[in-house]
Amino acid sequence: MNTHTLYISFLVFFIFSTFLQFYLSIRQSRAVLKHRSHVPADFADTVSLEEHQKAADYTLAKQRFARYRIMYEALLLLVFTLGGGLNLLAALSMKFSENPITQGVLLIALFTVVSTLISLPLDAYATFKLEARFGFNRSTVATFIGDRIKGLLVGAVIGVPLLYAVIYLMGITGSFWWLWVWLLWLGFSMLMLWAFPKWIAPLFNKFDPLPEGRLKEQIENLLGRTGFKSKGIFVMDGSKRSRHGNAYFTGLGANKRIVFYDTLLEDMQPDEVEAVLAHELGHFKHRHIIKQMLITFVLALAVLYVLGQLMPQAAFYQSLGVHYPSHAMALLLFLLVLPVFTFPFSPLASLVSRRNEFEADRYAAATSSAQSLIAALTKLYRSNAASLVSDKWYSRFYDSHPGARERVAALKQAQAPVK
C-alpha cells in the first residue's frame with residue numbers, strides 16, 4: 001500500500017467532507033431565511049408568525065454556530081493527525097508505563113480527556129449563550145461541569161476494562177482479531193443496553209414513576225391494546241438542563257422503560273402524550289430498533305475488518321502523520337478519520353430513518369389518533385423552536401425525521417376515510 005496514495009486520499013475526502021458540511025449548512029440557512037416572513041400554510045392556524053420567526057432565528061443561529069464547529073473540528077483533526085498531536089500523546093503514554101497494553105489504554109484515555117477539554121469552550125457557548133439566548137437553557141455552571149466530570153468517570157469505570165480487553169485480544173488472536181473484538185463489543189453493547197436505564201441514566205437525571213391519573217390510565221390502556229410490556233413509565237427531570245421536550249424508550253428485553261421529559265408533559269394533553277407514545281411503540285411493533293441494531297452490528301464488523309487489513313501496514317500510519325504504530329493507535333486513528341470517509345454516505349442512513357418515522361406515525365394513527373399526534377408534533381415544533389422549513393439536500397444528509405410539512409401531510413392522509 002502506497003503512503004502517498006493514502007495521504008492524497010485522506011486529504012481529498014477531508015476537503016470534500018468539510019466543504020460539503022459547510023455548503024449544506026449555508027443551504028439550510030438560506031432556505032430558512034427565505035421563508036422567515038410567513039408561516040407555511042399547513043401551520044398557519046396553529047403556529048403564530050412570532051413563533052415561526054423565533055424558530056427561524058434559532059435555526060439560523062445554530063447553523064452559524066455549526067459552521068464554526070465544522071471548521072474548528074476539521075482543524076483539530078489535522079492537528080491530531082498530520083500535525084503530530086497523536087504522536088505527543090503516544091510519547092506521553094510511554095513515559096507512564098512500559099506495558100504495551102497499558103500504554104494503549106493511556107493513549108486513548110489521554111485523547112478522551114484532551115478532546116473533552118478542547119470541546120469545553122464550544123459546548124459552554126452552545127449552552128450558556130446560544131441556548132440561553134432563545135430561552136432554552138436551564139443548566140447551571142455546576143451542572144454543566146458536573147455532567148462532564150461524571151461522564152469521564154463513568155467512561156473510565158466502564159471503558160478502561162473494555163479497552164484492556166480489546167487491546168489484549170488484538171494482540172493475541174492473530175489476523176482474525178477483528179472477529180474476536182467484534183464479538184466482545186457485541187456482548188458489551190447488549191450489556192449496556194440492558195444496564196443503562198437502571199444503573200447509568202440515574203447518575204445524570206432523576207426518574208420518578210408517572211403519577212396516578214388520567215394520563216397513566218390512558219398509557220396503560222394503550223400498552224394493553226398493543227401488547228407492549230415495560231418495567232415502568234417514568235418522568236425525567238429534563239427541565240434541570242433545558243426547556244426542550246422529548247420522550248424515549250430505553251432498555252432491552254423485559255428491562256424496557258418508557259421515559260417522558262417533564263417539559264413534554266407540562267405542555268401536552270393526555271391524548272397528545274398517548275399519541276406520542278403510540279408513535280414510539282410503532283418503532284417496536286415494526287422492529288425498527290432491532291433492525292437498526294443489526295445494521296449497526298454488521299457495519300461494526302465491516303469497520304473492524306477494514307481496520308484489520310490496514311493495521312499491519314506502515315503506510316496507514318505514515319500517511320496520517322503517526323510515528324508510533326500500535327494496536328491502540330490503529331484503533332484510535334482509524335475511528336478518528338473514519339467520519340471523513342463516511343459522511344458523504346449519510347443520506348442512506350437518514351433515508352432509512354425517515355421511512356421508519358413515517359411507518360411509526362402510521363402505527364400511531366391506527367392505534368391512537370392521527371389528529372392528536374399532529375397536535376403533539378405542532379406543540380413540539382413550537383416549544384422546541386424547530387424550523388418548519390428545511391433545505392432538501394440538508395434534510396437528506398442530516399434529518400433522521402421527516403420535515404414538518406411532509407410529516408403532517410402524511411398523518412392527515414392516514415386519518416382520511418378510505419373512499
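This text goes with the structure placed above it.
Not measured: the values here are computed from a predicted model. In this numbering scheme, every chain counts its residues from 1 along its sequence in written order. At least 70 in pLDDT is required for a residue's local features to be given in this predicted model, at least 80 for side-chain atom pairs to be given and counted, and no such filter applies to totals for whole chains, interfaces and linings, which use all residues. Values reported for side chains reflect all heavy atoms of the structure, with hydrogen atoms and water molecules removed beforehand.

### Overview of helix α7 (residues 214–226)
In this model, α7 (13 residues) spans 18 Å end to end at C-alpha, consistent with the 18 Å of a helix rising 1.5 Å per residue. Classification of residues uses two cut-offs on accessible area relative to the type maximum, computed with a 1.4 Å probe and protein chains only: under 20% is buried, over 50% is exposed, and between them is partly exposed. Secondary structure elements follow DSSP: runs of H or I no shorter than four residues count as helices, runs of E no shorter than two count as strands, and numbering proceeds from the N terminus. Every buried residue of α7 is accounted for by Leu 215, Lys 216, Gln 218, Ile 219, Leu 222 and Leu 223. An end-on view of α7 places all buried positions within 160 degrees of arc, on one side of the element. Opposite the packed face of α7, turned more than 90 degrees from it, sit the exposed residues Glu 217 and Gly 224. Note on definitions: a residue-residue contact is assigned when non-hydrogen atoms from the two residues lie within 4.5 Å. Check the buried side of α7 and you find it contacts β2 (233–236), β4 (257–261), α8 (262–267), α9 (270–285) and α13 (346–367). One fewer than the residue count of a helix, multiplied by 1.5 Å, yields its expected span. An arc is given here, and it is the one of the directions from the helix axis to the C-beta atoms.

### A few points about the sheet that holds β2
Pairing between two strands requires that DSSP report at least two bridges joining them. Strand order in the open sheet made by the four strands is β1-β2-β4-β3, with mixed pairing throughout. Among the strands making up the open sheet, the edge pair consists of β1 (207–209) and β3 (247–250). Geometrically, the sheet is characterised by an average inter-axis angle of 30 degrees between neighbouring strands, direction not taken into account. In the sheet, β2 pairs with β4 via four bridges, with the strands oriented parallel. Bridged to Phe 234 within β4 is Val 259. Together, β3 and β4 form the strand contacts of α9, whose direction differs from that of β3 by roughly 35 degrees. Interaxial angle, 0 to 180 degrees, is taken between N-to-C directions of lines fitted to C-alpha atoms, where a helix line uses only the stretch in contact.

### Some points on unusual backbone geometry
Despite not being glycine, Arg 287 has its phi angle at roughly 60 degrees, a positive value. By secondary structure assignment, the location of Arg 287 is in the loop between α9 and α10 (288–310). When its relative accessible area of 53% is taken as the criterion, Arg 287 is described as exposed. The phi dihedral of Ala 385 falls on the positive side, at around 50 degrees, and the residue is not glycine. Tracing the chain through its elements places Ala 385 in the loop between α14 (370–383) and α15 (392–398).

### Observations regarding the packing of α14 against helix α16 (residues 404–415)
The contact between α14 and α16 brings their axes to 9 Å, and the two run at 165 degrees. When the axes of α14 and α16 are compared, the pair comes out roughly antiparallel. Relative to α16, α14 is oriented so that their crossing is left-handed. Mapping the contact onto sequence places Ala 370, Gln 371, Leu 373, Ile 374, Leu 377 and Tyr 381 in α14 and Ala 404, Arg 407, Val 408, Leu 411, Lys 412 and Gln 415 in α16. By definition in this entry, angles of less than 35 degrees are roughly parallel, angles greater than 145 are roughly antiparallel, angles of 65 to 115 are roughly perpendicular, and the rest are oblique. In this scheme the handedness of a crossing depends on how the near helix is turned from the far one: anticlockwise by less than a right angle means left-handed, clockwise means right-handed.

### Details of the nonpolar core
Here, nonpolar core means buried Ala, Val, Leu, Ile, Met, Phe, Trp, Tyr and Cys residues that are tied together by side-chain atoms lying within 4.5 Å of each other. Phe 43, Ile 219, Leu 223, Ile 258, Phe 260, Leu 277 and Leu 281 are the most contacted members of the largest nonpolar core, which totals 44 residues. At seven residues, the largest contribution of residues to this core is made by α14. What Phe 43 contacts, discounting residues up to four positions off in sequence, is Thr 378, Tyr 381, Leu 388, Ala 404, Arg 405 and Val 408. Ranked by size, the runner-up nonpolar core spans 43 residues in total, among them Val 105, Val 166, Met 329 and Leu 332.

All we've got here are geometric facts, nothing functional implied.
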